[in-house]
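# Observations on the three-dimensional arrangement
Residues per chain, in single letters:
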Amino acid sequence: MTEVDGQYSLFGGVHDVRAKTQSIHEKPRFFDADDAPTDRATADDMDEARQRNMAYEYLCHLEEAKNWIEACINEDLGATIDIEEALRNGVILAKLGHYFAPDVVPMKRVYDADLSRFAKRGLHFKHTDNINYWMSGMSSIGMPHIFFPTTTDLYDKKNMPKVIYCIHALSIWLNKLGKAPNMENLLGIAEFTEEEISEMRRALDDYGISIPAFSKIGGILEKEIGVDEAAKHAAVIAINELLQKEDIETTLSALQNPKAYLNYIEPGNKNRYHEILYLAKLDKTETAQDEGKKSDECDIYEFYLTHSEIQDIINDINEIVRKEIAEAKFRAAISDINKCLVSEDGSAEDLVNALLVPTSKLRNVNELNGPLYLEFLRAAKESRGEENLKLAEIQEVVDLANEEMQKRRDLEGALQVANDRLTASDVEGLFDALHHPAFKLPPLQRNSAPKYQATMFFELAKLVDRAEEGEGAGIRLNQAQIQDCVKAVNNQVRDVRKFAEAVSAVNICLSQDDPQETLAALHVQAGNISEVLERCADDYHTWLKEGIFVKRAEAEASQGDSNWIELRSPDSQIFFYNPETRELLWVKPENASDVSYYMAQDEIQWVVSRVTAKTLRDEWFDENVDHVIRLQSMVRMNQTRKRFRNRLKFLNENEEAALKIQSLWRGWMIRKDLQERQEYLKNNLRHVIRIQAWVRGYQIRKNYRQLTQDRPGVQVLFKFLYLLEQSNVDHAEEAELKKYKANIVKEIRHNQQLEKELNEMDIKIGLLVKNRLTLQDVVTASKKLKGREVTKNRGLKELSKESREMLESYQHLFYLLQTNPNYLAKLLFTMPQNNCTKFMETVVLTIYNYGTNTREECLLIRLFRHALREEIQRKVDKVQDISTGSPTVIKIVVGYYRGAQGNQNSLKSLLGPLIEQVMEDKELNMNIHPLEVYKAWISRMESETGQASQLPYDVTPEQALKHKEVTDEIENTIKKLVAIIQSFQEKIISSVDKMPYGIRYMAMCLRKDLKEKFPESSDEEIMKAVGNLLYYRYMNPVITAPDSFEIVDLEAGKTMNNIQRRNLGSIAKILQHAASYKIFDSDAKYLASLNAFIKSAYIKFMEFFATASAIDEIEDHFNMDEFSDVTMLNKPMIFISPNEICSTHKLLLDHQNEITEGDNDPLTEVLSSLGPVPEEENEQMLGGEKSTEFGLVLTNKWELNMSDESNTQALFSKTKYLVVDLLRIQRGESLTSVLHTGANKQQQELYRAIHSRRMAEQQGQEDEEERNAKLSVFDPNDTTIDKLKQHIIKNLQILETHKMVTATEDYQELLTSIARDICNQRKYRQRRKQDLKKMAATMDRMNKKKKYYGEAVTHYQEYVKACVNNLSKGKKQRHGNKKKTAKYTAQKLYDKKVLVSIDDVHQSTFRAVTIEFSSTDEVGVFEVSGKLGGLNLEKINLIFEDLLQLQYEGVSTLKIEDKVTVNVNLLIYLLNKKFYGQE
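An account of the accompanying structure is given in this report.

Reading the values: rules and limits
Each chain carries its own residue numbering, running from 1 in the direction its sequence is written. In keeping with the predicted nature of the model, local features appear solely for residues at pLDDT of at least 70, side-chain atom pairs appear and are counted solely at 80 or more, and the whole-chain, interface and lining totals rest on all residues. Side-chain numbers here rest on the full set of heavy atoms in the structure, without hydrogens or water. When accessible area is computed with a 1.4 Å probe and restricted to protein chains, residues below 20% of their type maximum are described as buried, those above 50% as exposed, and intermediate ones as partly exposed. Numbering of helices and strands runs from the N terminus, with a helix taken as a DSSP run of H or I at least four residues long and a strand as a DSSP run of E at least two residues long. Paired strands are those between which DSSP finds at least two bridges. To count toward a patch, a residue needs a relative accessible area over 30% and no salt bridge; like charges are then connected within 9 Å, while nonpolar side chains (Val, Leu, Ile, Met, Phe, Trp, Tyr) are connected within 5 Å. Under the convention used here, a 1.4 Å probe and the Shrake-Rupley method define accessible areas, while residue burial counts only the protein chains that appear. In the sections that follow, a salt bridge refers to a side-chain nitrogen of Lys or Arg positioned within 4 Å of a carboxyl oxygen of Asp or Glu. Whenever a nitrogen or oxygen atom comes within 3.5 Å of another N or O atom, the pair is scored as a polar contact, on the condition that within protein one atom can donate a hydrogen and the other can accept it, and that pairs from neighbouring residues in sequence are kept only if both atoms are in side chains. Interaxial angle, 0 to 180 degrees, is taken between N-to-C directions of lines fitted to C-alpha atoms, where a helix line uses only the stretch in contact. By definition in this entry, angles of less than 35 degrees are roughly parallel, angles greater than 145 are roughly antiparallel, angles of 65 to 115 are roughly perpendicular, and the rest are oblique. Note on convention: the crossing is left-handed when the near helix lies turned anticlockwise from the far helix by less than a right angle, right-handed when the turn is clockwise. Contacts between residues were defined by any pair of non-hydrogen atoms, one from each residue, lying within 4.5 Å. Polarity classes work like this: nonpolar for Ala, Val, Leu, Ile, Met, Phe, Trp, Tyr, Cys and Pro, charged for Asp, Glu, Lys and Arg, and polar for all others, with Gly in that last group. Only centres within 6.5 Å qualify two rings of Phe, Tyr or Trp (six-membered ring in Trp) as a pair; their planes then separate them into stacked at under 30 degrees, edge-to-face at over 60, and tilted for everything else. The charge count treats Lys and Arg as positive and Asp and Glu as negative. His and the chain ends do not count. Charged side chains are reduced to one point each, which is NZ for Lys, CZ for Arg, CG for Asp and CD for Glu.

## Quick notes on the pairing of strand 7 (residues 1190–1193)
Each regular strand carries side chains that alternate between the two faces of the sheet. Side-chain alternation along strand 7 places F1190 and L1192 on a buried face and G1191 and V1193 on a face that remains uncovered. Bridging between strand 6 (residues 1133–1136) and strand 7 involves four bridges; their strand directions are antiparallel. Counterpart to I1134 in the pairing with strand 7 is L1192.

This is the structure in structure tokens:
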């Protein structure tokens, strides 16, 4: 009995006590304690054990349900593993329904009750009627519908665990109703084979659902039936009191009392119930008394057993009795087996019957193996003596006997097939038959198949010859004879092959020019070549080479394959050998030519014998050659001495002529060498020029490296000053650029003025429209509104100055936040981090409209960039933190670009086709775990052979990898995996241009920021961090779970199965290893073959990361500059709610000091104008709900700063140009020495010439802008070089006071800047051309905007004029063009509160004052005149628009002509009523 929500359940039953009973008494049968791993299990091992236990428990539930149904309907339902399939037609369930509800489910309604229709044609849709009858029967007995399965769960086998779950609940329900027996608990008792458990595991994986909690059935049913707590309490008290008596029958009756709500009462256990319950109650009473408790003062259950305690004791006793009975049956079965073994009358049949008893728990008992069981088991029993054999020993002997019998059957069958093939002369068939493992033969050679057949046939013939007459028909070869024949053939083939290879080696050596190699080949003993002498190696090689040349010539002319050699072995057996393929045949190939490319052994022997004989003959003649050689040498010596004496005599007689000839020869040789040298240089002129250019380039590069060093000197600058010469084109472009900037500033200011006028016109139009609406209210309710003012609805949309200022302040605030990302970037890391992500995903992305257009996307990426830099500076302590931590900005960036608001389609087009290809491949199974591959191999082998495998099922990964089949399967899978991964990587690398710009730009920023903060880190470490962003965070989750990111389109209700997820997970895992260069170590040796691929893939990934993180800057990509916003026709707008405005305002105020830079900061100025955050007026402020979004137009409060540089920077630039002019003319060791060294006359004249030329160029410039551009650098007063130096020294002194240069360091800052200008001169010109193009485009857009504003102003003016005309339209229609007047006394106007006071006129005299209002020809202008007594006052004009403007500005009173004070609001009301209202 279990406790559910504080109440005891009536339906705890077998499901709730299983865990307790099992833990107390024994472990499940499917887990052997001896097999428990001694080391700590891995996660995969624990998951494997969990899935295995789940399959076993579900099989136990199936067995329980099957046994219970069989007990109810008295039918055998077959094997447990097939019960799910047997239930699908509903026949069994309909019969079960007839059992407990015969009125609702009569037998005549059961469709196909005898299963004849099902046996012939399978399932029919009418079988679903049986299922519906069963569920109707359950409904009739009040079974809760929460347990009911659907028809498709059973009929289509979509959720069979739900059906079994319902049957278990039905058994408990019927048992409580007294209509069915109790369901037996078989958990830990029922036994199943490993194949059945594995098959159930696969079935549960196919269901793809979780197993229902069978143990919670009682708790659910308890909610359906109430419990009479008072009756239960009384019954429990009665049981406790009866325990004091010795009446066991009475105690049993009390326990069976229905009001006690006790389950599983077994009458046969009544004695134990009474005894154990009595002892438990006595122990509880003594414990309470020892604690000093009294029965009349404490709860009675301090002394008595509670309901749950009684139920637990009953359950424990039942379990103990059941175990004792099972153990007794088991011991009896083992004892019977041992009796059969010691009994002399015990037969094999008796032993098999004893072994097949279910309680013996023996497996794989085959009735046909009875005699062998008897033989083996009696032998085992004799070795044990009087001691009985145990279960494990009997099982081991049974398995051994099964294995031996199977071997005998296999050998008998193999012998029969082999002898049949032999007698039928089937060479190929015999060869295939010899491969049977039962023969235990050495490796067979297919080319020797005829030899095997001939040898075995000869052996069989000898047996027949030796047999007696009439007995030869039944003779056949046995295993030993076949083995001897095969070994004999193999030995013969081995010897013949050695002979053939030796001959082939001689032929191969002849194709080389190494006689010693040929000699070594001839000496090989296997070749059987004799008469070989060491000293004849060269002759052997030469003669044999000539012989093979002749053979090849003849072979070329023949037809067929000439690579075969016909050889005769030493034992005179003819065979054929191919040296190229090393193939040996005993029969001549069909395509073999009659002439071979190679020499046979007998041919080689013939040549060797001839050479040896010739050599021995020549050596005999050479023994007497010494005397002949001596005689020849003496004759040659005498002739040589005679010729030398004659030549010396001739030279001595002609000495003078000889010397002249020598001098002429030497001169000719020198001239010849010079001519050849000149001719050589002339012929190689191009190379000479290249060498000279290389030397000059080397000198220039050397000087340039000196220029680009940290502190270039004056001597280096002298060599490159010519590069700073400015041409007329340069001056013209600079002047044009300044002209553009000046014109753009003028246009911006002009457009800003037009925009201001448009805003004023907006206000006027709004005032006129508002006045018109107010006028309509006045006309319809003029009598009811006497003296009262309409209450204003104050808010941002209200047409008042206060609301307008607040609206403009918020427009300026959010424009500033949007265009200056530093504020939000700092705010993200100063605010509480638990709110950072939410603030980023809601408010911040709202400010940028989620990057929906080019401008907002550019600004949003700029924010990401500054936020990333801020986070790296604040929170990243080492490069590895990017990969191991969870950076906020990277997480937000990846989520943005992987979501719908980013560029999700890029990932879908990039990876979608490959992922779909992997998912659609039904045959693809990337399973590389050794255990799973091993078990799948065993299952496949058993399915193919139909026999149980002799290999153990539970092994370690190391043991599984010892099998070649497992390693081959893993290697094949790895090859497929590598091919798929290569396609993924190639697609990723080739699609770098398809990646979103933002993600690539952030990768580039990440690389630069990390290198800046960690300069000592290697490029590889930083690139790994970049790869962590681009692949692991951006792409890897998409490959692992494509359905979560909508990368693949799945049908409704369909999900990815486990195999698909495992395949994609394996691909993503290896790709991640490659991206981070994580190789497999000793823990996964079976994956070590992937390390080479990972290394090569890593190199490709590094190149990909480098390419992906090298991209244009954001301004160049989006073509955005400082003029982009001012040239837009439509102002930017965001859609934001009042709550978001107020929360942003509050955060900025709370962290103002951390994100601003003082009182002069623009954000400080805007926040000061806004003031505190509105507390309770969010809704009223906008005239709507707090969470309702509205469009907020953003405006810029600050003008565009077009100044190029500050005064000091301008002075620094000017001084640079002056120093350059000086260094062009005068040189020195340092700038200080040049400034303080006098110039010579030549330098003075050169400077005056330059000065005069520049003055002439300046006077020739007609364009003032261009003249000013040159004047900014050139000073006409510097007429001499000394004045130039004084000017430079003065400027340097000013710059030194601003700490821009240092005299003690020879003004190195100035020289470094000049060097940088020289290096970047080309970039300056390119940038200037780009700026000119941008300025021209900007000017064009400014002109369009100017035109747009002009047209808008004209339209607004016409609209205002029409509005004013419409105010008096009604009156003009009734009175024509006649002017209307309204005359009042001052007293009447004072009573109406229109008139406040008149200076110098007392209120008592107001009746004598007359004031008259008259309309004029100009619409909206009124003429006001007055009389005081008989005196006419001066007439004045009152403009109606001015009155509305004053009302908008909140001015309550107006003083006319500094004399008459009136109420503005009431005056407007009066004019509306008299001149624009309806009568």
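This is not the end of the story, as more comes after the structure.
## Structural notes on a nonpolar patch on the surface
Where nonpolar side chains cluster on the molecular surface, the patch consists of I276, Y278, L279 and L282 and spans about 310 Å² of accessible area. Structurally, Y278 is set in helix 13 (residues 270–290). Its relative accessible area of 31% is what places Y278 among the partly exposed residues.

## Quick look at the side chain of N1028
With respect to the element layout, N1028 can be found in helix 40 (residues 1019–1033). One polar contact links N1028 to R1033, side chain to side chain, over a distance of 2.7 Å.

## Section: the packing of helix 14 (residues 307–342) against helix 15 (residues 348–355)
Taken N-terminus to C-terminus, the directions of helix 14 and helix 15 make an angle of 170°; their axes are 9 Å apart at the nearest point. With respect to helix 15, the element helix 14 is oriented roughly antiparallel. By crossing handedness, the relation of helix 14 to helix 15 is classed as left-handed. Taken together, the residues of helix 15 that come into contact with helix 14 (itself represented by I337, C340 and L341) are D350, L351, A354 and L355. A breakdown of the residues in the contact of helix 14 with helix 15 according to their chemical character gives six nonpolar, no polar and one charged.

## What to know about the packing of aromatic side chains
In total, this model carries 11 aromatic pairs according to the counting rule given. Note on Y56 and F192: the rings are 6.0 Å apart at their centroids and 70° apart in plane angle, and the pair reads as edge-to-face. Separated by 136 residues along the polypeptide, Y56 in helix 2 (residues 43–73) and F192 in the loop between helix 8 (160–177) and helix 9 (194–207) bring together distant segments of the chain. For Y56, a relative accessible area of 1% corresponds to the buried category.

## Looking at the environment of H523
Inspection of the secondary structure assignment puts H523 in the loop between helix 21 (515–522) and helix 22 (537–557). Sequence separation of H523 and E534 is 11 residues, and the distance between their C-alpha atoms is 9.4 Å. Here H523 is in contact with V532 and E534, once residues within four sequence places are set aside.

## A word on the pairing of strand 4 (residues 574–578)
In terms of burial, strand 4 is a largely internal element, four of the five residues being buried. Bridge count between strand 3 (residues 565–568) and strand 4: four bridges; the pairing is antiparallel. In the strand pairing of strand 4, I565 is matched with Y577. Pairing analysis gives three bridges linking strand 4 to strand 5 (residues 583–585), with the strands arranged antiparallel. Of the residues in strand 5, the one forming a bridge with N578 is E583. Between the end of strand 4 and the start of strand 5, which pair antiparallel, lie four residues, with R582 showing a positive phi angle near 60°.

## Some points on the sheet that holds strand 3
Strand order in the open sheet made by the three strands is 3-4-5, with antiparallel pairing throughout. Edge positions in the sheet fall to strand 3 and strand 5, since each has one partner strand and no second. Across the sheet, the mean angle separating the axes of adjacent strands is 30° when strand polarity is ignored.

## A few points about the pattern of salt bridges
Two side chains carrying opposite charge are able to pair once their charged atoms lie near each other. Under the criterion given, the structure shown has 24 salt bridges. For K270, the salt bridge is made with E249, and the minimal N-O distance between the two is 2.2 Å. Taken as a pair, K270 in helix 13 and E249 in helix 12 (residues 248–255) lie far apart in primary sequence, 21 residues in all. On the accessibility criterion, K270 (25% relative accessible area) is partly exposed.

## Side note on the sheet that holds strand 15 (residues 1460–1463)
Taken together, three strands build an open sheet; the order of strands is 9-15-14 and the sheet is antiparallel. Either end of the sheet is taken by a strand with one partner, and the two such strands are strand 9 (1395–1398) and strand 14 (1453–1456). When the angles between neighbouring strand axes are averaged without regard to direction, this sheet yields 20°. Sheet topology note: the strand 9/strand 15 ladder contains three bridges and is antiparallel. What sits directly across from L1395, in strand 15, is V1462.

## Observations regarding a positive patch on the surface
A cluster of basic residues, R701, K702, R705 and K719, forms a positive patch on the protein surface. Checked against the element boundaries, R701 lands in helix 26 (residues 685–707). A relative accessible area of 41% means that R701 is categorised as partly exposed.

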